[in-house]
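Structural features, examined
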Amino acid sequence: MKVAIFGLGYVGAVSGACFAELGHEVVGVDVSESKIAMINRGEAPIVEEMIAELTADAVRLGRFRAIKDAASAVREADISLVSVGTPTGADGTPDLTYVDGVVREIGSSLRGTSARHVVVIRSTVPPGTTQRRIADALEEASGEKLGARIHLAFNPEFLREGRSVKDFRQPPFTIIGAMSDYSFEAVAELYRGVESEVIRTDPSTAESIKLLSNAWHGLKVAFANEAARILKSTDVDTRKALDVFARDKILNISPAYLRPGFSFGGSCLPKDLRAMVSLADKAQVAAPIMRATLASNTSHLDAVVELVRSFGRRPVVLFGLAFKSGTDDMRESPFVALAERLIGKGYRLRIVDPFVDASRLMGKNKEFIEREIPHFVDLIARDAEDAVDEAEIVIFGHATAVDKGAILERGVGKILIDLAGDRDLEFCGADYRGAAW
Ligand SMILES: NC(=O)c1ccc[n+]([C@@H]2O[C@H](COP(=O)([O-])OP(=O)(O)OC[C@H]3O[C@@H](n4cnc5c(N)ncnc54)[C@H](O)[C@@H]3O)[C@@H](O)[C@H]2O)c1
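Just so you know, the residues in each chain are numbered from 1, in the order the chain's sequence is written. Where totals are concerned, whole chains, interfaces and linings use all residues; where local detail is concerned, this predicted model gives features only for residues with pLDDT of at least 70, and gives and counts side-chain atom pairs only at 80 or more. For the side-chain quantities, the full set of heavy atoms in the structure was used; hydrogens and water were omitted.

Here we take up the overall build of the protein. Secondary structure elements follow DSSP: runs of H or I of four or more residues count as helices, runs of E of two or more count as strands, with numbering from the N terminus. In terms of helices and strands, the protein carries 16 helices and 13 strands. Projected onto its principal axes, the C-alpha coordinates of the protein cover approximately 80 × 60 × 40 Å. By definition in these notes, contact holds between two residues if any of their heavy atoms fall within 4.5 Å. Sequence separation of 24 or more characterises 69% of the internal contacts of the protein that already satisfy a separation of 6 or more. Carbon and sulfur atoms make up 53% of the accessible area of the protein, which totals about 21700 Å². Each accessible area is a Shrake-Rupley result for a 1.4 Å probe, and residues are judged covered by the shown protein chains and nothing else.

Structure (structure tokens):
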């Protein structure tokens, strides 16, 4: 393919040399004369493993060159990739000035041409930017509606500086946030020869995956450092502890616990986070992440209470009281906390959870219910169907298959707040709301 790349920084320079290696004909565009001159001399404008050789080879073979003139680059190309910088602006939001400028340049350069063209945003931008701001700017500058001749997509870059060529060749996945079939196929074609899973999605999801990834990486680094600082005070060999911790690919480094849903609770997570905070306090070590994790968990509960309140004071049925399904353990159950908040605010509440039937409870849980929430005993509904019929708001935490059936059958017309992300519930005819989706 004939490819124009706008912005020859880390992303653009690496992509240029690597797409040329894949056999594409690449022309780079930058405002910096010196970067243009370097590339045309066969020199990489950045320092990265393997990039000097790749750039020299690509330029020698005539597959990679750089120019300043955006219009001629666009007119010669099938596809324009935008990888200019998006630095943090004064108020913390990304400054999109360079992206806006380049998109307008590409759009106006397409006026008076007739060939199909795909514009691909690779700079990191906030979710919604491509679909709204960039699409509008491109339509205005080109004078054409997108989706006929001119197409738009967002394709994030996941390279790590220092090993970017290796990452280009072996990315975790290739995400194409396509606004049309043609833009998807064109970007997929560009990556032909790179072995990775190609995932098609919409531009906003693709934009959010880039932000999620970097926020997650930052959180992991900060967590490891903070955890090690805390544990060092207990004479633990922190590098060994974190090394073994990371070998658990079932629960620790895995998709487990990464689905949005309701606040965590139960007898272990809150207790052990508090234990970490107390170790930190004793050693006078700052532990903002451990503290903020507990605070964030409470914020999520607050948000669900607010969601319920936004519908006015209607009768509510809560499915699930124990901290998760299949157990009668109610210690620090977030559903108990939710029920208490709603009762406190004067809601008429029924609870469906056969596992916490007071007559069957034993030991610690019986003691817990008698001491902490004796008033809940009267709220437990014996019949899930009646409970759904009587309610206007159904909150789904968890339920047995039979009890869930009552919602599926009788939930039509009710407000259904799904705290579990249960796909079956979405289309049962209720006014479906997610906890955070
Ligand atoms: N560096 C990374 O590892 C990395 C990885 C993934 C995504 N990103 C994202 O990609 C984008 C680019 O990052 P980078 O590190 O390559 O930035 P960079 O600052 O190294 O390079 C940006 C380039 O764009 C050029 N430029 C600015 N305005 C221009 C214009 N009007 N026309 C042509 N060129 C212009 C600049 O001269 C510069 O060479 C950012 O949004 C960044 O967040 C970066």
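The discussion continues.
Attention now moves to the environment of Phe-264. Examined against the element boundaries, Phe-264 turns out to sit in the loop between α10 (238–245) and α11 (269–283). A relative accessible area of 24% places Phe-264 in the partly exposed class. For the pair Phe-264 and Thr-298, spaced 34 residues apart in sequence, the C-alpha separation works out to 9.2 Å. When sequence neighbours within four positions are dropped, the list of residues in contact with Phe-264 reads Leu-269, Pro-270, Leu-273, Thr-293, Asn-297 and Pro-334. Burial classes follow relative accessibility: with a 1.4 Å probe on protein chains only, a residue under 20% of its type's maximum area counts as buried, one over 50% as exposed, and anything between as partly exposed.

Two aromatic rings, drawn from Phe, Tyr or Trp (for Trp, its six-membered ring), form a pair once their centres lie within 6.5 Å of each other, and the interplanar angle then sorts them: stacked below 30 degrees, edge-to-face above 60, tilted otherwise. One pass over the structure, following the stated rule, counts six aromatic pairs. Aromatic pair Phe-19 and Tyr-191: ring centres 5.2 Å apart, planes at 70°, arrangement edge-to-face. Highlighted residues: Phe-19 in helix α1 (residues 10–21) and Tyr-191 in the loop between α8 (181–190) and β8 (198–201), separated in sequence by 172 residues. Accessibility classification places Phe-19 together with Tyr-191 in one group, the buried group. Taking the centre distance of 5.1 Å and the plane angle of 35° together, the rings of Phe-262 and Phe-335 count as tilted. In this pair, Phe-262 is assigned in the loop between α10 and α11 and Phe-335 in helix α13 (residues 334–344), connecting sequence segments 73 residues apart. Here the two residues Phe-262 and Phe-335 agree in accessibility, since each one is buried. Ring pairs connect the aromatic residues Phe-19, Phe-168 and Tyr-191, which therefore count as one cluster. The criterion is that NZ of a Lys, or CZ of an Arg, lies within 6 Å of the ring centre and within 35 degrees of the ring normal, and then a charge sits over that ring. Its guanidinium or amino end placed over the ring of Tyr-182, Arg-116 lies 3.9 Å from that ring's centre, counting from NZ or CZ. Of note, Arg-313 hangs over the ring of Tyr-347, and the distance from its end group to the ring centre comes to 5.1 Å.

By volume, the second largest pocket is sized at about 280 Å³. Buried and open spaces are told apart on a 1 Å grid over the protein atoms alone, a cavity being a set of points where a 1.4 Å probe fits but cannot get out and a pocket being an open set with protein on both sides within 12 Å along at least five of seven lines. Residues with an atom within 4 Å of a point are the lining residues. The wall of the second largest pocket is formed by 19 residues, among which Leu-301, Glu-332, Ser-333, Pro-334 and Ala-337 lie closest to the centre. Mapped by element, the contributors of at least two residues to the lining of the second largest pocket are α11, α12 (288–309), α13 and α14 (363–372). Split by residue class, the lining of the second largest pocket holds ten nonpolar, five polar and four charged. Grid points are joined across faces, edges and corners, and a volume is the space filled by probe spheres set on the points. Each residue gets one label: Ala, Val, Leu, Ile, Met, Phe, Trp, Tyr, Cys and Pro are nonpolar, Asp, Glu, Lys and Arg are charged, and the others, such as Gly, are polar.

Further remarks concern the side chain of Ser-164. Mapped onto the fold, Ser-164 is located in helix α7 (residues 164–169). Overall, Ser-164 belongs to the buried group, its relative accessible area being 1%. Of note is the side chain of Ser-164, whose polar atom sits 2.4 Å from the side chain of Glu-48. Apart from the residues lying within four places of it in its own chain, the contact partners of Ser-164 are Val-14, Glu-48 and Leu-159. A 3.5 Å cut-off defines polar contacts: any pair of N or O atoms within that distance qualifies, except that in protein one atom must be a possible hydrogen donor and the other a possible acceptor, and neighbouring residues in sequence count only when both atoms are side-chain atoms.

Moving on: empty space enclosed by the protein. Going through the model one piece at a time under the given rule, you end up with two cavities of 30 Å³ or more. Counted as a void, the largest cavity has a volume near 70 Å³. What lines the largest cavity is simply Arg-122, Asn-155, Pro-156, Glu-157, Phe-158, Asp-167, Phe-168, Pro-171, Phe-173, Thr-174 and Tyr-191. Along the walls of the second largest cavity sit Pro-315, Val-316, Val-317, Arg-348, Leu-349, Arg-350, Ala-387, Glu-390 and Ala-391, which together make up its complete lining. Where the lining of the second largest cavity is concerned, the elements lending two or more residues are β9 (316–319), β10 (349–352) and α15 (384–390). For the lining of the second largest cavity, the per-class residue count stands at six nonpolar, no polar and three charged.

What follows covers the site of the ligand. Taken together, the neighbourhood of the ligand is formed by 21 residues, with Val-11, Asp-30, Lys-35, Thr-86 and Glu-161 sitting nearest. Measuring from an oxygen atom of the ligand, one finds a backbone N or O atom of Val-11 at 2.8 Å. In the environment of the ligand, a nitrogen atom lies 2.7 Å from a nitrogen or oxygen atom belonging to the side chain of Glu-161. Of all the elements in the fold, those that place two or more residues in the shell around the ligand are α1 and α5 (97–110). Near, as used in this document, describes a residue that has one of its heavy atoms within 4 Å of the molecule or strand being considered.

A residue counts toward a patch only above 30% relative accessible area and without a salt bridge, and it is joined to like-charged neighbours within 9 Å or, for Val, Leu, Ile, Met, Phe, Trp and Tyr, to nonpolar neighbours within 5 Å. The salt bridge definition used is simple: a Lys or Arg side-chain nitrogen within 4 Å of an Asp or Glu carboxyl oxygen. A surface patch of nonpolar side chains, amounting to about 280 Å² of accessible area, comprises Trp-216, Leu-219 and Leu-258. Along the chain, Trp-216 falls in helix α9 (residues 203–232).

Further remarks concern the packing of α9 against α12. Inter-axis angles, ranging from 0 to 180 degrees, are taken between N-to-C directions of lines fitted to C-alpha atoms, where helices are fitted over the stretch in contact. Interaxial distance between α9 and α12 falls to 8 Å at its minimum, and their mutual angle equals 115°. Here α9 lies roughly perpendicular to α12, going by the angle between them. Seen from α9, the contacting residues are Leu-219, Ala-222, Phe-223, Glu-226, Ala-227, Arg-229 and Ile-230; seen from α12, they are Pro-288, Ile-289 and Met-290. Class assignment for the residues of the contact of α9 with α12 results in eight nonpolar, no polar and two charged. Comment on the angle field: the value is read as roughly parallel under 35 degrees, roughly antiparallel over 145, roughly perpendicular from 65 to 115, and oblique elsewhere.

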